[in-house]
Amino acid sequence: MESIFFLVVAAVAVISSILVVTCKNPINSALSLVMTFFCLATFYVMLDAPFMAATQVIVYAGAIMVLIIFVIMLLNVRAESGKRGSHAVFAGSVLGLFALFQTVWFLSKGSMTGATGTMDKAQIISVGHVELIGKALFTDFLLPFEITSVLLLAAIVGAVILAKKKI
Amino acid sequence: MLAIENYLILSAILFSIGTIGVLTRRNAIVIFMCIEMMLNAVNLTFIAFSRHLGNIDGQVFVFFVMTVAAAEAAVGLALMIAFFKNRESIDVEDINLMKL
């Protein structure tokens, strides 16, 4: 039952991600991308990560995609008149398929290490997923968390300068 | 529970589709969206490994990837608007100021 559900959602994810690449109108691409994000949120729930699923929907499908669609509307981008030259499309597709082949090949050759941590499903249910992530974020990953705030500040300042100055 | 290979292969497929999009499209916003898709494919790998290895660290990294994606969206879209104001286009083939 679970594998059938996985296959259906995976098929939807792959089809909508192909639509992102092939649609001529950027708005259709953006809406397909939202569909892909929702499918990925479903997988996060299947992998016992409900908080990451909620964050995926709120941050990616909510905030970032709204920003992208806003910019598409603001710039009034028309549908692409012509694609790139057929050489570029061919070379790009070959490179992408080669990357896929390589990944699947290494995946089929490799084997898992026996390493295991302490987190399991019972712990997620009893302690709570948010609490587990919060504890990791504020103990082991405190320095990266603080650096994240500097990164966001730099991004805000950069966006304001780009929007304000006459470039 | 499904084997981790299913999630890894799905993630590889999504990443490759994103790569093809970045290499073949001309519209800068579509290229941007394909980059977001590649980041999401990597996030799926992180969470699958986190579940498989019983370690929460992968999910914390997903958190950081989302932060970087948000910062990238803010700056990248501001750059595109600035470019559009000058050139009336966001075709990547028009971005050639540095060309000799």
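Predicted, not measured: the structure shown is a model, and the values here were computed from it.

### A closer look at the UniProt feature "transmembrane region" (unreviewed entry) in chain A
Listed under "transmembrane region" (unreviewed entry) in the UniProt record, and renumbered for this structure, are residues 6-23, 30-47, 53-75, 87-107 and 141-163 of chain A. Secondary structure within residues 141-163 of chain A divides into 96% helix and 0% strand; the distance between the first and last C-alpha atoms comes to 33 Å.

### Overview of the environment of isoleucine 47 of chain B
Here isoleucine 47 of chain B lies in helix H2 (residues 28-53). For isoleucine 47 of chain B, a relative accessible area of 0% puts it in the buried group. On a C-alpha basis, the gap between isoleucine 47 of chain B and glutamate 5 of chain B in space is 13 Å, while along the polypeptide they are 42 residues apart. Residues within four places of isoleucine 47 of chain B in sequence aside, it is in contact with Tyr44, Leu47, Ala49 and Met52 of chain A together with Gln59 and Val62 of chain B.

### What to know about the pattern of salt bridges
Residues and elements named next belong to chain B. Scanning the model with the defined rule gives four salt bridges over all chains in all. Between aspartate 91 and arginine 26 there is a salt bridge whose closest N-O contact spans 3.3 Å. Residue aspartate 91 is located in the segment after helix H3 (57-87), and its partner arginine 26 is located in the loop between helix H1 (4-24) and H2; the two are separated by 65 residues in the primary sequence. Side by side, aspartate 91 and arginine 26 carry an identical accessibility label, which is buried. The salt bridge involving arginine 26 is made with glutamate 93; its shortest N-O contact spans 3.8 Å. One end of the pair, arginine 26, is in the loop between H1 and H2; the other, glutamate 93, is in the segment after H3, and 67 residues separate them in sequence. The class of glutamate 93 is partly exposed, set by a relative accessible area of 43%.

### So, unusual backbone geometry
Here aspartate 48 of chain A, not a glycine, exhibits a phi torsion of approximately 60°, which is positive. Counting through the fold element by element, aspartate 48 of chain A comes out in the loop between helix H2 (26-46) and helix H3 (50-75). By relative accessible area, aspartate 48 of chain A is classed as buried at 12%. Here glutamate 88 of chain B, not a glycine, exhibits a phi torsion of approximately 60°, which is positive. As for its position among the elements, glutamate 88 of chain B is in the segment after H3.

### A word on the packing of helix H1 (residues 2-22) of chain A against H2 of chain B
Describing two packed helices takes the angle between their axes plus the distance from one axis to the other. Their axes nearest at 9 Å, the elements H1 of chain A and H2 of chain B cross at an angle of 155°. In terms of orientation, H1 of chain A and H2 of chain B fall into the roughly antiparallel class. Between H1 of chain A and H2 of chain B the crossing geometry is left-handed. Of the residues in H2 of chain B, those in contact with Ser17, Val20 and Val21 of chain A of H1 of chain A are Val30, Cys34 and Met37 of chain B. Of the residues that constitute the contact of H1 of chain A with H2 of chain B, the class distribution is five nonpolar, one polar and no charged.

What counts, and where the lines are drawn
Residues numbered from 1 in each chain as written. Chains lettered and ligands numbered in written order. Predicted model: local features only at pLDDT ≥ 70, side-chain atom pairs only at ≥ 80, totals over all residues. Heavy atoms only, no water. UniProt positions renumbered as here; feature names shortened; annotations may be inferred. Helix = DSSP H or I, 4+ residues; strand = E, 2+ residues; numbered from the N terminus. Buried < 20%, exposed > 50% of the residue type's maximum accessible area, 1.4 Å probe, protein only. Contact = heavy atoms within 4.5 Å. Salt bridge = Lys/Arg side-chain N within 4 Å of Asp/Glu carboxyl O. Axes fitted to C-alpha atoms, helices over the stretch in contact; angles between N-to-C directions. Parallel < 35°, antiparallel > 145°, perpendicular 65-115°, else oblique. Left-handed = near helix turned anticlockwise from the far one by under 90°. Nonpolar A, V, L, I, M, F, W, Y, C, P; charged D, E, K, R; others polar.

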